[in-house]
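Structure at a glance
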Amino acid sequence: MATATAQSRRDVKEYTYIWEGIDRNNRQVRGESRAASETVVTTNLRRQGVRIVKIKRQTFRGGKSVGDKDITFFTRQLATMLKAGVPLLQSFEIIGRGHSNPRFSRLMIDIKSKIETGSSMSQAFREHPKYFDALYCNLVQAGETSGMLDAILDRIATYMEKILAIKSKIKSALFYPISVVTVAIVVMWIIMVWVVPSFKKVFANFGATLPAPTLIVMAISDFFVQWWWLMGIVIAGTVFGFLFLLKRSATFRLGFDRIILKFPVIGDILRKATIARWTRTLQTMFAAGVPLVESLDAVAGAAGNSLYAAGTKRIQTEVSTGTSLTNAMGNTNLFPTMVLQMTQIGEESGSLDNMLGKIAEYFEREVDDAVAALSSLLEPIIIVFLGVVIGGLVVAMYLPIFKLGAVI
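Reading the values: rules and limits
- Residues numbered from 1 in each chain as written.
- Predicted model: local features only at pLDDT ≥ 70, side-chain atom pairs only at ≥ 80, totals over all residues.
- Heavy atoms only, no water.
- Helix = DSSP H or I, 4+ residues; strand = E, 2+ residues; numbered from the N terminus.
- Rg over C-alpha atoms; globule rule 2.2 N^0.38 Å.
- Contact = heavy atoms within 4.5 Å.
- Lys, Arg positive; Asp, Glu negative; His and termini not counted.
- Charge placed at Lys NZ, Arg CZ, Asp CG, Glu CD.
- Buried < 20%, exposed > 50% of the residue type's maximum accessible area, 1.4 Å probe, protein only.
- Salt bridge = Lys/Arg side-chain N within 4 Å of Asp/Glu carboxyl O.
- Polar contact = N/O pair within 3.5 Å; in protein donor to acceptor, adjacent residues only side chain to side chain.
- Axes fitted to C-alpha atoms, helices over the stretch in contact; angles between N-to-C directions.
- Parallel < 35°, antiparallel > 145°, perpendicular 65-115°, else oblique.
- Left-handed = near helix turned anticlockwise from the far one by under 90°.
- Phe/Tyr/Trp six-rings, centres within 6.5 Å; stacked < 30°, edge-to-face > 60°.
- Expected span 1.5 Å × (residues − 1).

1. Notes on the overall build of the protein chain
Counting its regular elements, the protein chain contains 16 helices and 3 strands. Expected size for 408 residues packed as a compact globule is a radius of gyration near 22 Å; at 30 Å, the protein chain overshoots this value by more than 25%. Referenced to the eigenvectors of the C-alpha coordinate spread, the extents of the protein chain come out at roughly 105 × 65 × 40 Å. Across the protein chain, every contact between residues at least 6 apart in sequence was considered, and the portion connecting residues at least 24 apart equals 60%. Averaging the locations of the 46 positively and 32 negatively charged side chains of the protein chain gives two centres separated by 8 Å.

Encoded structure:
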């Protein structure tokens, strides 16, 4: 019965109230309390001899969603404060109040309240899986167990900063070509639906045979004008179906990840980025004192590629049966020889975390160089693409005019 009562109390939704009042010595006091209702706060403060003058429930409406950058910055701040000797609960309060995003502030207050009621920090984090994944929570739990929470948080922050840097470089490399291609498609759509039909009306009075390129463009324009709604449905359905299968179907996601790694240039960058993330994650887990088999379980979830996630599960199974990490990695055929050699040296010398860190640094530099080379290579390719597509359409529509001028 007592357990049920305690459970029901934990299930009651609580809010944060900011209050001002006067104590027994007629001094103005202010503060904040967390309770289920305003009445509860007033009653508790009255018992303490505080007469409420003003009370207001703190709301956290609006604000943008909490992203990876927010969590990374929070981790770095928390690690710095704990190293400086700031108490844990006070650190959460300072970080929450100092952030401009109301949603993030609410997240900090929720975590703080759970810790105040007796939960460990890792348990409080696990109740927010949207922001703190299994890797993060496992590392925090290892830090709490070993008494080195500040050092572990510092490692997590460094890890997240490096992963964010890799993601940012890949996104910056892909953003430019995708945006240019999107604009080119929109421009081509406008030309086909509105511009070409206008030219068609003019050419109807020519009384001469139109050039083949012009006839082809006009036929395509007629198709666009007649079936634009069907094309819109097909495009939207294709995008929706692709995203749905990518999110819900493990088989489709595995096949897509396998294919995209075979793409020229882009596939090589993604493979190097995946290996960098894989080794960086394993290095962080192993250096934190997490056993290798448990570390591999977290690495599979953080691999970022279904092919490497499946390979990691296979590595975990083989390692748990006594196979060395190097041999298990080699059996997947997913890692270059250099990675296997350095891993073997790390295993034999007892400095596996150090070697994994060096591998991660090497591939992070490789990603930087590959992205820089890709950016310089894409610029002339995009210019040629725009010239051929847009310029080709314009030339095709002006060919009859040129031909008429030559006749005159």
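2. Regarding the side chain of Asp257
Looking at where Asp257 falls in the secondary structure, it is placed in helix α10 (residues 250–260). Buried within the structure, Asp257 lacks any salt-bridge partner; Arg253 is the closest side chain of opposite charge, at an N-O distance of 5.3 Å. A polar contact of 2.8 Å, which involves the side chain of Asp257, links it to the backbone nitrogen of Ser306.

3. Side note on the packing of helix α9 (residues 212–248) against α10
To describe two helices that pack against each other, one gives the angle between their axes and the distance between the axes. Viewed as axis vectors pointing N to C, α9 and α10 meet at an angle of 105 degrees, and their least axial separation amounts to 6 Å. One way to sum up the angle between α9 and α10 is to call them roughly perpendicular. Residues Phe242, Leu245, Leu246, Lys247 and Arg248 of α9 touch α10, and the partners they reach there are Ala250, Phe252, Arg253 and Phe256.

4. Thoughts on the packing of helix α3 (residues 68–83) against helix α8 (residues 149–203)
Running from N to C, α3 and α8 point in directions that differ by 150 degrees, and their axes come no closer than 8 Å. Here α3 lies roughly antiparallel to α8, going by the angle between them. Here α3 and α8 pass one another in a crossing that is left-handed. Residue-level inspection shows Asp68, Lys69, Ile71, Thr72, Thr75, Arg76, Leu78, Ala79, Leu82 and Lys83 of α3 in contact with α8, the latter providing Leu149, Asp150, Leu153, Asp154, Ile156, Ala157, Thr158, Met160, Glu161, Leu164 and Lys167.

5. Details of the packing of aromatic side chains
Here the structure, examined in full by the defined rule, presents 17 aromatic pairs. Judged by centre distance (5.7 Å) and plane angle (45 degrees), the ring pair of Phe74 and Phe92 falls under tilted. Pair noted here: Phe74 is in helix α3 and Phe92 is in helix α4 (residues 88–98), with a separation of 18 residues, a long-range link. The exposure class assigned to Phe92 is buried, which follows from its relative accessible area of 1%.

6. Quick word on the pattern of salt bridges
Applying the stated criterion across every chain yields a total of 14 salt bridges. The closest approach of N and O atoms between Glu161 and Arg76, which form a salt bridge, is 3.1 Å. Placement of Glu161 in helix α8 and of Arg76 in helix α3 is noted, with a sequence separation of 85 residues between them. Looking at Glu161, the relative accessible area reads 35%, which means it is partly exposed. Ionic pairing is found between Glu127 and Lys114, a salt bridge with its closest N-O pair at 3.7 Å. Taken together, the residues span a long stretch of sequence, with Glu127 in the loop between α6 (121–126) and α7 (134–146) and Lys114 in helix α5 (residues 102–116) at a distance of 13 residues. Using a relative accessible area of 47% as the deciding quantity, one classes Glu127 as partly exposed. On the accessibility criterion, Lys114 (21% relative accessible area) is partly exposed.

7. Things to note about α3
Between its first and last C-alpha atoms α3 spans 23 Å; for 16 residues at 1.5 Å apiece the expected length is 22 Å, and the two agree. Inspection of α3 places Asp70, Ile71, Thr72, Phe74, Thr75, Leu78, Ala79, Met81 and Leu82 among the buried residues, and these make up the whole buried set. Buried-residue contacts for α3 involve α4, α5, α6, α7 and α8. Where α3 ends, the next residue or the one after it, Gly85, has phi of about 90 degrees, a positive value.

8. A short note on unusual backbone geometry
Phi at Asn26 takes a positive value of approximately 60 degrees, unusual for a residue other than glycine. Structurally, Asn26 can be placed in the loop between β1 (15–22) and β2 (28–35). One non-glycine residue, Asn333, adopts positive backbone phi at about 60 degrees. Structurally, Asn333 can be placed in the loop between α14 (325–332) and α15 (337–349).

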